[in-house]
Amino acid sequence: MNKKWKMMALMGLAATGMMASAVSAEGSYKIGICQLTQHEALEEATKGFQDYVSEKLGDQGTFDVQNASGELSNCVTVINAFVSEDVDLILANSTPVLQAAASATDSIPVLGTSVTDYPAALDLDNWTGVTGSNVSGTSDCAPLQQQAEMVMELIPDAKEIGILYCSAEPNSRYQTDIIKSSLEELGCTAEVKEYTFTGTDDIASVTTTAAENCDVIYIPTDNTAASNAELINNICEPAEVPVICGEKGVCEGCGIATLTIDYYELGQITGEMAVDILENGADVSQMAVRQAEQVKKCYVPERCEKLGISIPDDYDEL
């Protein structure tokens, strides 16, 4: 933990008569990493973070990497353990982990990554780009209006567009609202309907209903959908319904195309922020939430060929 945040924590504990846990040795940092679940995008963000921090800090930085296996209760357990251990910094990889970390500590610096919308995740009003608390990080929100343009570009004759997502994920709700308004602004004449599932138990039935009624399905950056991409593909591909996705990992599992960020780059940017906090004493409360700088259009050739969908030249193969 950088000296400023250590001192704040020690002062707070002293005021309540509690003893603070031992601080890290000078120049040595322990970083707790909690990742919501196993899927490619989150793993790339974690790897990018670790690679950057290791490059800059060498053996002065150590990692305790935990996977919550998609369970919210596990997020809380892992984060509470990090707080008890008095780690120097927490990397919260995904929105539920960020929410758990923000609730568990107001003294240890917390950096989120693979989080789409910080104001929604942290229930913040009058968003200025900084949280004003011990939390900052990086957002994985790709340009949503460009994704709406992609839906119209690839499936121009669609009469019904379905948006498929998990209702328990606030980031997915946020993306859905932006996509719907963007489609309207772009003059889309198709009916746009939402198809929401609550978790893994009803994802098959909801996806089946969407595939029966829609000409194209859009899936935002959604952790539950990412973990069940093969199941979604096994429903949509036989029904010959194209799926356009908010990120690369979901697209590889069930989509035809995506406009995606590089999650490894996102992790690297988050690692840069961590080093600035740990080594330079940067004030996390005043660090602006950052985004990946590169986005690209990608497509899955075999699925597009099966569906007879022509892809413009400015798309790269996944």
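It should be emphasised that the depicted structure is a prediction, and the values quoted were computed from it without experimental measurement. (Residues numbered from 1 in each chain as written. Predicted model: local features only at pLDDT ≥ 70, side-chain atom pairs only at ≥ 80, totals over all residues. Heavy atoms only, no water.)

Caption draft 1: Geometry of helix α2 (residues 40–57). The end-to-end C-alpha distance of α2 is 25 Å, a good match for the 26 Å that 18 residues give at a rise of 1.5 Å each. Within the sequence span of α2, burial applies to Ala 41, Leu 42, Ala 45, Thr 46, Gly 48, Phe 49, Tyr 52, Val 53 and Leu 57. All buried residues of α2 project into a common sector of 160 degrees when viewed along the axis, lining one side. The inward-facing, buried residues of α2 abut β1 (29–35), β2 (61–67), β3 (89–93), β4 (110–115), α9 (223–227) and α12 (263–280). At the C-terminal side of α2, Gly 58 shows a positive phi close to 60 degrees. (Helix = DSSP H or I, 4+ residues; strand = E, 2+ residues; numbered from the N terminus. Expected span 1.5 Å × (residues − 1). Buried < 20%, exposed > 50% of the residue type's maximum accessible area, 1.4 Å probe, protein only. Arc of directions from axis to C-beta. Contact = heavy atoms within 4.5 Å.)

Caption draft 2: Just the pattern of salt bridges, in detail. This model, assessed by the stated rule, comprises eleven salt bridges. Residue Glu 153 pairs with Lys 297 through a salt bridge whose shortest N-O separation is 3.7 Å. A residue pair is termed long-range when its members are at least 10 positions apart, and Glu 153 in helix α6 (residues 144–154) and Lys 297 in strand β12 (residues 295–299) qualify at 144 residues. With relative accessibility at 38%, the residue Glu 153 sits in the partly exposed group. In this structure, Asp 314 engages Lys 297 in a salt bridge whose closest nitrogen and oxygen atoms are separated by 3.2 Å. With Asp 314 in the loop between α13 (301–307) and β13 (316–317) and Lys 297 in strand β12, the pair connects residues that are 17 residues apart, well separated along the chain. Here Asp 314 falls in the partly exposed class, since its relative accessible area comes to 48%. (Salt bridge = Lys/Arg side-chain N within 4 Å of Asp/Glu carboxyl O.)

Caption draft 3: Summary view of the pairing of β2. Summarising the sheet, β1 and β2 pair through seven bridges and their orientation is parallel. Looking at the pairing, Ile 33 lines up with Val 65 of β2. With α2 bridging β1 and its parallel neighbour β2, the resulting β-α-β unit is right-handed. (Pairing = 2+ DSSP bridges. Right-handed = clockwise from strand over helix to strand, strands pointing away.)

Caption draft 4: Structural context of the sheet that holds strand β7 (residues 191–197). Taking strand neighbours across the sheet as the criterion, the seven strands line up as β7-β6-β8-β9-β10-β12-β13 in an open arrangement whose pairing is mixed. Of all the strands in the sheet, just β7 and β13 have a single pairing partner and so form its edges. Sheet topology note: the strand β10 (residues 257–261)/β12 ladder contains five bridges and is antiparallel. Directly across from Ile 261, in β12, lies its bridge partner Val 295. Along the sheet, helix α8 (residues 203–213) contacts β6 (160–166), β7 and β8 (216–219); its crossing angle with β7, the most-contacted strand, is approximately 165 degrees. (Axes fitted to C-alpha atoms, helices over the stretch in contact; angles between N-to-C directions.)

Caption draft 5: Looking closely at the packing of aromatic side chains. Under the criterion given, the structure shown has one aromatic pair. Ring geometry for Phe 49 versus Phe 63: centroids 6.4 Å apart, planes at 70 degrees, classification edge-to-face. With Phe 49 in helix α2 and Phe 63 in strand β2, the pair connects residues that are 14 residues apart, well separated along the chain. We classify Phe 63 as partly exposed; its relative accessible area is 25%. (Phe/Tyr/Trp six-rings, centres within 6.5 Å; stacked < 30°, edge-to-face > 60°.)

Caption draft 6: Representation of the sheet that holds β3 in the model. With parallel pairing, six strands are arranged side by side in an open sheet as β2-β1-β3-β4-β5-β11. Each of the sheet's edge strands pairs with one partner strand only, and the pair in question is β2 and β11 (290–291). Bridging between β1 and β3 involves five bridges; their strand directions are parallel. Counterpart to Cys 34 in the pairing with β3 is Ala 92. The sheet contacts of α2 involve β1, β2, β3 and β4, and relative to β1 the element is tilted by about 170 degrees.

Caption draft 7: Quick peek at the side chain of Asp 222. Its place among the elements puts Asp 222 in the loop between β8 and α9. A distance of 3.1 Å separates the side chain of Asp 222 from the backbone nitrogen of Thr 224, its partner in a polar contact. In contact with Asp 222, not counting residues within four places along its chain, are Tyr 165, Cys 166, Glu 169, Ser 172, Phe 197 and Val 250. (Polar contact = N/O pair within 3.5 Å; in protein donor to acceptor, adjacent residues only side chain to side chain.)

Caption draft 8: Just helix α3 (residues 72–85), in detail. The first and last C-alpha atoms of α3 sit 20 Å apart over 14 residues, in line with the 20 Å expected at 1.5 Å per residue. Among all positions in α3, only Cys 75, Val 78, Ile 79 and Phe 82 are buried. The arc enclosing the buried residues of α3, seen along the axis, measures out at 95 degrees, which places them on a common side. Facing away from the buried side of α3 by over 90 degrees, the exposed positions are Thr 77 and Ser 84. Looking one or two places after α3, you find Asp 86, whose phi comes out positive at around 55 degrees.

Caption draft 9: Seen up close, the pairing of β7. Looking at chain direction, β6 and β7 are connected through seven bridges and run parallel. By the bridge assignment for β7, Ile 163 is matched with Glu 194. Of the crossover connections in this fold, the one passing from β6 over helix α7 (residues 170–185) to the parallel β7 is right-handed.

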